[in-house]
Amino acid sequence: MNIIPRPKNITEGQTLQKGKPSEKKIYTNADGFMLEYVTGLFSRDVLQEEEAPFFFLQISDGFSLEMEHLPEILQDKEEGYLLKADAKGIVIAARSSKGLFYGIQTFLQLKEQGWERGLEIIDWPDNDIRGYHFESRFGIPKFERIIEIIEELCKYKFNTILMELEDKFPYEEVKGITSPNALNKEQLKEIIRYANDRYIEIIPLQQTLGHVEYILKKDDYYPMREVRSDAVNSELPFSFNPIGSLSFNEIDEFCPSNEEAYELIEKMCREMAEKYPSSKYIHIGCDEAWNLINCELCKARYGEQGFHKVFLEHTNRVARVITSLDKTPVIWDDMLRGFSEEEFELLDKNIVIMCWLYYNGDLDRGISLLTKYRESGFRVIGASSAKCCEGMSSDYLDMPNIKDRLININDWSELSAKFDLMGVLTTVWSNYTGTIAPPHPFFDTIWYPLLYSADKYWNTASDSQEFEKRFLENFFGVEGVENCFGNESEEIYEKTSFLTENCKRNKYIAEVYKFTSLLSIYRQKSMATYREMYKLYDGTPEREKAIVVRKVKELETMREYLKPEISRLLSINFNEADTKEFVNSRFLMDEMVIRI
Ligand SMILES: [Zn+2]
């Protein structure tokens, strides 16, 4: 049985006689969307039966609900459910329609796998919030694909999406920011409705301090920047940071001394509140604002060392705006890590802290930070990552660093069991910085670590060792293969090719794994080849030069094979402009430079 997330209690019984499912009748006391949902799932009439003191769905020859109460353990579990299959039929029962929905998701997974034995499952989650971070800085999937992604998320019992649309959000009041590829407001409305119907709450994210490159790169917004100098650092020690002349990105932040910036921030927050009316929370970002106190105005106002002061003032100010909109503010935690007890006292207590830690070795750091936030009286949501910045190495530009991702998720599963967190979500990042960087729209490489997090946050005691087998059988319908996900190598390419040819489901994702693993290999070969290309021009003897020529040719052959495949795959779920930019970012310079 390959259910993801793994249910808490499973009792297996005898093999059941194979009935004809189409002749069975379906009974329920659910109404509204759930009735519509069940009717759609089974493509036939669902019979409404009298009330029971819990929500139920029964699939049987005739109606005979023998249960009077839910098992004791489920009485206070809003998302818990009981699923029972025996000779008489199948019953799913739960305290809420949400629990019933999750019971149905488990049933659907069993059905997909052709399960034929009697069983009883009593199941509930360990974490109240189980989230997925939808980030569209580079490339936003087509509307239809976003709907499919939501469908897939609820199948694995995610109940929260942290939605970071940046310039793909249909701003109306704020002018000149929205991308031509943005969602329109009807599409956004439909996404919210579709998710909410399926018990997924959306937390919109509107950055209000740093990471606003998508705004500040526009000329009209230049005066709102904290860094308003284009000077190149031309003296020793230059900039030792490979990605920017300042500590991060010079167009990253609003100037907290600029009142026009606050007018803009308030407008954007109001639009978030209006366009996400059902959301309880609004995430106001506030992470990695490393260029604070750069401008003369801020230096005069807060002092050269006034980082904490300016951050507190900004965060409390925006938090008040969010509270006035009847929402709860959420912030990333990194800027707070060095705060003293006294400084925590000054921070608005309505704020929910989202603590992000993504790397191997962060467990102890997590314990110390969570202890500190709890002692300061804040509510906390944890954040792990299924794909994030793995340093400047190009190895993980397209594929996640699977080994470290799983360690990170294990750590957060442990932390969530140790501390009373509101829940945990799994982030998926485009790249090492914001809008000005190589694009990364291939989010479909994250399904393996993402579903691993679905497993570990629902059931923190779930066995990690057998997860890959369960994932391969559940997600792709493939058996008899292992170690398919890891560092890119010939072996991984062969295994993902096997998946592509043998999968029963999710062929698209199998192809994404196959071709992006090859793309990573291509990039490494490209970099290695580039280093030797001087030999083509420095008078190296012909025989040695010919070796380099052969390498360049080999790379060219690989590129000619790979480029149309990558382009084909991307164009299925992304628009033409996103596809073109991604393909250019991976191949254009090589075509210009690495050729004979
Ligand atoms: Zn300033």
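Residues numbered from 1 in each chain as written. Predicted model: local features only at pLDDT ≥ 70, side-chain atom pairs only at ≥ 80, totals over all residues. Heavy atoms only, no water.

K.L.:
Describe the sheet that holds strand S15 (residues 423-428), and please don't skip the residues or the numbers.
P.N.:
Taking strand neighbours across the sheet as the criterion, the eight strands line up as S10-S9-S8-S15-S14-S13-S12-S11 in an open arrangement whose pairing is parallel. Both outer strands of the open sheet, strand S10 (201-204) and strand S11 (281-283), are each paired with one neighbouring strand and no more. Pairwise comparison of adjacent strand axes, ignoring direction, gives a mean angle of 25 degrees for this sheet. Relative to S15, strand S14 (residues 379-387) runs parallel, the two being bridged by six bridges. Bridge pairing in S15 places Ser384 opposite Thr426. Contacts between helix H11 (residues 402-418) and the sheet are confined to strand S13 (352-356), S14 and S15, with S14 contributing the most and set at about 165 degrees to the helix. (Pairing = 2+ DSSP bridges. Helix = DSSP H or I, 4+ residues; strand = E, 2+ residues; numbered from the N terminus. Axes fitted to C-alpha atoms, helices over the stretch in contact; angles between N-to-C directions. Contact = heavy atoms within 4.5 Å.)

K.L.:
Now, about the coordination of the zinc ion: what can you tell me, with residues and values included?
P.N.:
Only Glu226 (OE), Cys255 (SG), Cys295 (SG) and Cys298 (SG) from the protein coordinate the zinc ion, and they sit 2.1 to 2.3 Å from it. If you look at the zinc ion, its four donor atoms make angles of 100 to 115 degrees with each other, and the shape they trace is tetrahedral. Here the donor residues of the zinc ion share one chain and are spaced in sequence as E-x28-C-x39-C-x2-C. Placement of the pair is Glu226 in the loop between helix H5 (213-216) and helix H6 (259-275) and Cys298 in helix H7 (residues 296-302), with a sequence separation of 72 residues. The same class applies to Glu226 as to Cys298, namely buried. (Donors = N, O, S within 2.8 Å, 3.2 Å for Na, K, Ca; no water. Tetrahedral: all angles 85-135°; square planar, octahedral: opposite > 155°, others 65-115°. Buried < 20%, exposed > 50% of the residue type's maximum accessible area, 1.4 Å probe, protein only.)

K.L.:
Provide a residue-level description of the packing of aromatic side chains, including the pertinent values.
P.N.:
In total, this model carries 30 aromatic pairs according to the counting rule given. On the basis of an interplanar angle of 20 degrees and a centroid distance of 6.1 Å, the ring pair of Phe169 and Tyr276 is categorised as stacked. With Phe169 in the loop between strand S9 (160-164) and helix H4 (185-197) and Tyr276 in the loop between H6 and S11, this pair connects stretches of sequence that are 107 residues apart. Residue Phe169 shares its accessibility class with Tyr276, and that shared class is buried. When the ring centre of Tyr194 is taken as origin, the NZ or CZ atom of Arg198, which lies over that ring, is 3.5 Å away. The cationic tip of Arg317 hangs over the ring face of Tyr262; the distance from NZ or CZ to the ring centre is 3.9 Å. (Phe/Tyr/Trp six-rings, centres within 6.5 Å; stacked < 30°, edge-to-face > 60°. Lys NZ or Arg CZ within 6 Å of the ring centre and 35° of its normal.)

K.L.:
Could you give me a rundown of the sheet that holds strand S3 (residues 47-48), with the residues and numbers involved?
P.N.:
Two pairing modes exist for strands in a sheet, parallel and antiparallel, and in both the strands are linked by backbone hydrogen bonds. Ordered by their spatial adjacency, seven strands build an open sheet running S1-S7-S5-S6-S4-S2-S3, and the pairing between neighbours is mixed. Whereas interior strands pair on both sides, the edge strands pair on one side only; in this sheet they are strand S1 (9-15) and S3. Bridge count between strand S4 (residues 55-60) and strand S6 (residues 89-94): six bridges; the pairing is antiparallel. Following the sheet pairing, Leu57 is matched in S6 by Ile92.

K.L.:
Please set out the pairing of S6 residue by residue, giving values where relevant.
P.N.:
The element S6 is largely enclosed, with a buried count of six among its six residues. Bridge count for strand S5 (residues 81-86) against S6 is five bridges, and the pairing is antiparallel. Bridging across to S6, Leu83 finds its partner in Ile92. Following S5, the chain reverses through two residues before pairing antiparallel with S6.

K.L.:
Before we move on, can you summarise the pattern of salt bridges with the specific residues and values?
P.N.:
For the structure shown, the criterion picks out 42 salt bridges. For Glu259, the salt bridge goes to Arg317, with nearest N and O atoms at 2.8 Å. Placement of the pair is Glu259 in helix H6 and Arg317 in helix H8 (residues 307-324), with a sequence separation of 58 residues. Residue Arg317 is classed as partly exposed on the basis of its relative accessible area, which comes to 23%. Connected through salt bridges with shared partners, the residues Arg6, Asp455, Glu466 and Arg470 form a single ionic network. (Salt bridge = Lys/Arg side-chain N within 4 Å of Asp/Glu carboxyl O.)

K.L.:
An account of a negative patch on the surface is requested, with residue identities and associated values reported.
P.N.:
On the surface, Glu341, Glu342, Glu345 and Glu375 cluster together into a negatively charged patch. Secondary-structure assignment places Glu342 in helix H9 (residues 341-346). (Patch = residues over 30% accessible without salt bridge, like charges linked within 9 Å, V, L, I, M, F, W, Y side chains within 5 Å. Areas by Shrake-Rupley, 256 points an atom, 1.4 Å probe, with all protein chains shown as cover. Lys, Arg positive; Asp, Glu negative; His and termini not counted. Charge placed at Lys NZ, Arg CZ, Asp CG, Glu CD.)

K.L.:
So, the packing of helix H12 (residues 447-458) against helix H13 (residues 467-476): which residues are in play, and what are the values?
P.N.:
Where H12 meets H13, the axes come as close as 11 Å, and the angle between the chain directions of the two elements is 110 degrees. Overall, the two elements H12 and H13 adopt an arrangement that is roughly perpendicular. Across the interface between the two elements, Trp447, Tyr448, Leu451, Tyr452 and Asp455 from H12 touch Phe467, Glu468, Arg470, Phe471 and Phe475 from H13. Tallied by class, the residues present in the contact of H12 with H13 amount to seven nonpolar, no polar and three charged. (Parallel < 35°, antiparallel > 145°, perpendicular 65-115°, else oblique. Nonpolar A, V, L, I, M, F, W, Y, C, P; charged D, E, K, R; others polar.)

K.L.:
Describe in detail a nonpolar patch on the surface, supporting the description with residues and values.
P.N.:
Together, Tyr530, Leu588, Met589, Met592 and Val593 line one region of the surface with nonpolar side chains, adding up to about 500 Å² of accessible area. The element contributing the most residues to the nonpolar patch is helix H17 (residues 576-593), with four residues.

K.L.:
Tell me about the domain arrangement of the protein chain, and name the residues and values.
P.N.:
Taken domain by domain, the protein chain holds domain 1 (9-123), domain 2 (129-229 + 241-464) and domain 3 (476-593). Each of domain 2 and domain 3 was reduced to a C-alpha centroid, and the two centroids are 31 Å apart. The interface of domain 2 with domain 3 comprises 25 residues on the first partner and 30 residues on the second. When domain 2 packs against domain 3, the two sides together hide about 2,500 Å² of surface, and 59% of this comes from carbon and sulfur. The interface formed by domain 2 and domain 3 includes two salt bridges. A salt bridge links Arg586 to Asp398, with the shortest nitrogen-to-oxygen separation between them at 2.7 Å. Counting only elements with at least two residues in the side of domain 2 that touches domain 3, the list comes to helix H3 (143-155) and H12. With three residues, H12 is the single largest residue contributor to the side of domain 2 that touches domain 3. Partitioned by chemical class, the residues of the side of domain 2 that touches domain 3 number 14 nonpolar, five polar and six charged. (Domains from an automatic or database assignment. Buried area = accessible area lost by both parts, 1.4 Å probe.)

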